[in-house]
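Overview (structure and organization)
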Amino acid sequence: MPLEVERKYLDVDFDVLRQRLRQCGAHGGQAHLERNRLYDLPDGSLRAGHRLLRLRTQEWRDHTQNVLTLKLPPLSAPDAAFKVREEKESLVPDAGQMHAILTGLGYEVRACYEKIRETWTLEQTSIDMDTVPFAQVVELEGPEDAILRLERLLGLDGQPVSTQSYHYLHQEWRQRNHLPPDLSFVFPPGELARWRRSLGLPTVEDTSHGR
């Protein structure tokens, strides 16, 4: 039973963290764009049952990957030090066809969100530096003892910690900024185009010029 064990760290200086990761011999660091669609049945039963069905497309400069994920209800308490839940994943060769299958079965897209993710690996632990439209967050995923050890090693032990989902953090951010609830969070078109250029990904302008 594959378990996802993770912890999020807020208000982290990415440049300082990168330097510490290199000093510790971490591997990785190539950033990519993630675009996600969350699905539910018309009655909202997946969300009500704390299940998540997600189709994710990840774009790197030289390849693209699609992943279908089902996350089952958390095994940890809301106030636990770590978020723990069972996760089932499978690579999908064609995101468009999988979307058609899911909608054909009666699922609806309930939310979309985007993220720039820079992933490092150290001591069997993934260190993800995530830029979402409303925040920069570091996420550690791996064995609990390894997360606690790396937290101290990387200087994250003094940062605010959260085990909440990005959707929960997004709703908190919208409340603080007196904005109405919205399950989706995507980059504005101009900002997305700038990110795509910085990551070496084609933009709409590049596609149109190639015709």
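Here we summarise the structure given alongside this text. Sequence order sets the numbering: in each chain, residues are counted from 1 along the sequence as written. Selection of residues for local features in this predicted model requires a pLDDT of at least 70, selection of side-chain atom pairs for listing and counting requires 80 or more, and totals for whole chains, interfaces and linings are taken over all residues. Side-chain metrics rest on all non-hydrogen atoms present in the structure, leaving aside hydrogens and water.

**Describing helix H3 (residues 95-104)**
The periodicity of an α-helix, 3.6 residues per turn, causes residues three or four places apart in sequence to face the same way. Applicable threshold: Relative accessibility decides the category of a residue: with a 1.4 Å probe and only protein chains considered, values under 20% of the type maximum give buried, values over 50% give exposed, and everything between is partly exposed. By the criteria applied, helices consist of DSSP H or I runs no shorter than four residues and strands consist of E runs no shorter than two, each listed in order from the N terminus. This arc describes the spread of directions from the helix axis toward the C-beta atoms. In protein, a polar contact means a hydrogen-donor-capable atom and an acceptor-capable atom, both N or O and within 3.5 Å, with residues adjacent in sequence counting only if both atoms are side-chain atoms; elsewhere, any N or O pair within 3.5 Å suffices.
The set of residues buried in H3 consists of Ala95, Met98 and Leu102. Here the buried residues of H3 occupy an arc of 60° about the axis, which is enough to place them on one side. Turned more than 90 degrees from where H3 packs its buried face, Gln97 and Gly104 sit exposed. N-cap assignment for H3: the residue whose side-chain oxygen lies 2.9 Å from the backbone N of glycine 96 is aspartate 94.

**Focus on the pattern of salt bridges**
We count it as follows: Salt bridges are counted wherever a side-chain nitrogen of Lys or Arg sits within 4 Å of a carboxyl oxygen of Asp or Glu.
Counted by the stated rule, this structure contains 19 salt bridges. Note that arginine 7 is salt-bridged to glutamate 151, the shortest N-O span being 2.8 Å. Taken as a pair, arginine 7 in strand E1 (residues 3-10) and glutamate 151 in helix H4 (residues 144-153) lie far apart in primary sequence, 144 residues in all. Judged by relative accessible area, arginine 7 falls into the buried class, the value being 13%.

**As for the packing of aromatic side chains**
For any pair of aromatic rings, the description rests on two quantities: the centre-to-centre distance and the angle between the ring planes. Threshold: The criterion for an aromatic pair is that two Phe, Tyr or Trp rings (for Trp, the six-membered ring) have centres within 6.5 Å, with stacked assigned to planes under 30 degrees apart, edge-to-face to planes over 60 apart and tilted to the rest. In our convention, an over-ring charge means Lys NZ or Arg CZ found within 6 Å of a ring centre and within 35 degrees of that ring's normal.
One pass over the structure, following the stated rule, counts four aromatic pairs. A centroid spacing of 5.3 Å and a plane angle of 90° characterise the contact between phenylalanine 134 and phenylalanine 185, whose relative ring orientation is edge-to-face. Here phenylalanine 134 is found in the loop between strand E7 (125-132) and strand E8 (135-141), whereas its partner phenylalanine 185 is found in the loop between helix H5 (166-176) and helix H6 (189-198), with 51 residues between them in sequence. Members of the aromatic cluster, joined through ring pairs, are Tyr113, Phe134, Trp173 and Phe185. A cation sits over an aromatic face here: arginine 7 above phenylalanine 82, 5.1 Å from the ring centre. The aromatic ring of tyrosine 166 is capped on one face by lysine 8, whose charged end is 4.8 Å from the ring centroid.

**Remarks on unusual backbone geometry**
You will see that aspartate 11, though not glycine, has its phi angle at about 60°, which is positive. Structurally, aspartate 11 can be placed in the loop between E1 and helix H1 (14-23). With phi around 55°, glutamate 123 is a residue other than glycine that occupies positive phi space. Within the secondary structure, glutamate 123 sits in the loop between strand E6 (108-122) and E7.

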